[in-house]
Amino acid sequence: MIRISPLVRRIVAPNPGPFTFTGTCAYIVGAGDVAIIDPGPEIPDHVQALLDGLKGEKVAAVFVTHTHRDHSPAARLLQQATGAEIVGCAPHRPARDMALGEINKLDASNDLDYRPDRLLADGEVWRGAGFSLRAVATPGHTMNHVCFELVEEKALFTGDHIMGWSTSIVAPPDGAMRLYMDSLEKLRAFDHDVYWPGHGGPVSQPQRFLRALLHHRRAREKSILAALAAGPLQAPEIVEKVYEKLDPRLKGAAALSTFAHLEDLCARGLVRTDGAPRLDGRFASP
């Protein structure tokens, strides 16, 4: 556990991988009476390391940004050990109903047992001992995704909404690209000094990074439209055309994010497909 700001400490869970980078960052806010943000996966040794690092202190609340299994399950173990309330996002819900015959590729990644003691609505403030956390609803990566603003340090805990080392996956039917883009735009109205993501290191120039991220997503959209101008394609075929030097382990995730773009483009009349958009469907210019 290391101190990363006057009010924040961090411990990284031992779950590195192509989607989690060095592991899930669990953040401890405050001193004496503390809050833990995104405690991580259900790994007993990791939970014990959190408890050992907080000996002599009280865990008042465990905050959860969203209910992927690398972020939320440890909340229950911490609650059992400390009696802390679980606060933050709502339980998992998809962005839309499943289409006929559709398979949710990421269904196993959802923590369906998550049940918070208290939901925080957009803009609602939870006041701790010497610090305040404000909820900022950011649906898109998942429908229940919430960031938490540490008011006293003008810092934002961004979960998987924004990460400095990689773009976030947006995977229908759990996520939605239009909502994700809207949530990125929403953060442009804030004046944060730093982002603390759920994986990887801090983003030290948030507004500059936001502009670059929005530009990247819009450029990806244009590259998808350009690929379809040459003829109908499926999402994995588009990935081969528009993603350069992609880690083979990430091709499935890239296809899901491409599909999320395609869903949005179909809704806007910029791409067509037969029936409801499907991951295995063919897409074409209108």
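Look up a bit, the structure's there.
Owing to the predicted nature of the structure, the values given are computational and were not obtained by experimental measurement. (Residues numbered from 1 in each chain as written. Predicted model: local features only at pLDDT ≥ 70, side-chain atom pairs only at ≥ 80, totals over all residues. Heavy atoms only, no water.)

Engineer: What am I meant to see in helix α5 (residues 235-242) here?
Structural biologist: Since there are 3.6 residues in each turn of an α-helix, residues three or four apart along the chain are aligned in direction. Taken residue by residue, α5 has Ala-235, Ile-238, Val-239 and Val-242 as its buried positions. Across the axial projection of α5, the buried residues extend over an arc of 105 degrees, all falling on one side. Projecting away from the buried face of α5 at angles above 90 degrees are the exposed residues Glu-240 and Lys-241. (Buried < 20%, exposed > 50% of the residue type's maximum accessible area, 1.4 Å probe, protein only. Helix = DSSP H or I, 4+ residues; strand = E, 2+ residues; numbered from the N terminus. Arc of directions from axis to C-beta.)

Engineer: Help me out: how do you make sense of the pattern of salt bridges in this one?
Structural biologist: One side chain can pair with another of opposite charge once the charged atoms of both are near each other. Taken as a whole and assessed by the stated rule, the structure comprises 17 salt bridges. The partner of Arg-118 in a salt bridge is Glu-124, and the shortest N-O contact between them spans 3.2 Å. Salt-bridge contacts for Arg-249 lead to Asp-247; the nearest nitrogen and oxygen are separated by 2.8 Å. Residue classification places Arg-249 among the exposed positions, given a relative accessible area of 56%. Beyond isolated ion pairs, a larger network of salt bridges with shared partners links Arg-178, Asp-182, Glu-221, Asp-264 and Arg-268. (Salt bridge = Lys/Arg side-chain N within 4 Å of Asp/Glu carboxyl O.)

Engineer: What is the right way to read the sheet that holds strand β3 (residues 25-29) from this model?
Structural biologist: Through backbone hydrogen bonds, the strands of a sheet pair up, either in parallel or in antiparallel fashion. The strand order across the open sheet formed by 7 strands is β1-β2-β3-β4-β5-β6-β7, and the pairing between neighbours is mixed. Sheet topology places β1 (2-5) and β7 (118-119) at the edges, where each strand pairs with a single neighbour. Summarising the sheet, strand β6 (residues 85-88) and β7 pair through 2 bridges and their orientation is parallel. Bridging from a neighbouring strand, Gly-88 pairs with Leu-119 of β7. Strand contacts of helix α1 (residues 44-53): β2 (8-12), β3 and β4 (33-37), with the helix running at about 150 degrees to β2, the strand carrying the most contacts. (Pairing = 2+ DSSP bridges. Contact = heavy atoms within 4.5 Å. Axes fitted to C-alpha atoms, helices over the stretch in contact; angles between N-to-C directions.)

Engineer: Looking at this structure, I do not really get the nonpolar core. What am I missing?
Structural biologist: Within soluble globular proteins, side chains that are nonpolar tend to cluster in buried spots. Counting 39 residues, the largest nonpolar core has Ile-37, Phe-63, Trp-126, Leu-133, Phe-148, Leu-150 and Phe-157 as the members making the most contacts within it. Counting 17 residues, the second largest nonpolar core, distinct from the first, contains Ala-227, Leu-262, Val-271 and Phe-283. (Core = buried A, V, L, I, M, F, W, Y, C linked by side-chain atoms within 4.5 Å.)

Engineer: How do you make sense of the environment of Asp-174 when you look at a structure like this?
Structural biologist: Note that Asp-174 resides in the loop between β11 (155-159) and α3 (177-187). The sequence separation of Asp-174 and Asn-110 amounts to 64 residues, and the corresponding C-alpha distance is 9.2 Å. In this structure the side chain of Asp-174 is engaged in a polar contact, spanning 3.0 Å, whose partner is the side chain of Asn-110. (Polar contact = N/O pair within 3.5 Å; in protein donor to acceptor, adjacent residues only side chain to side chain.)

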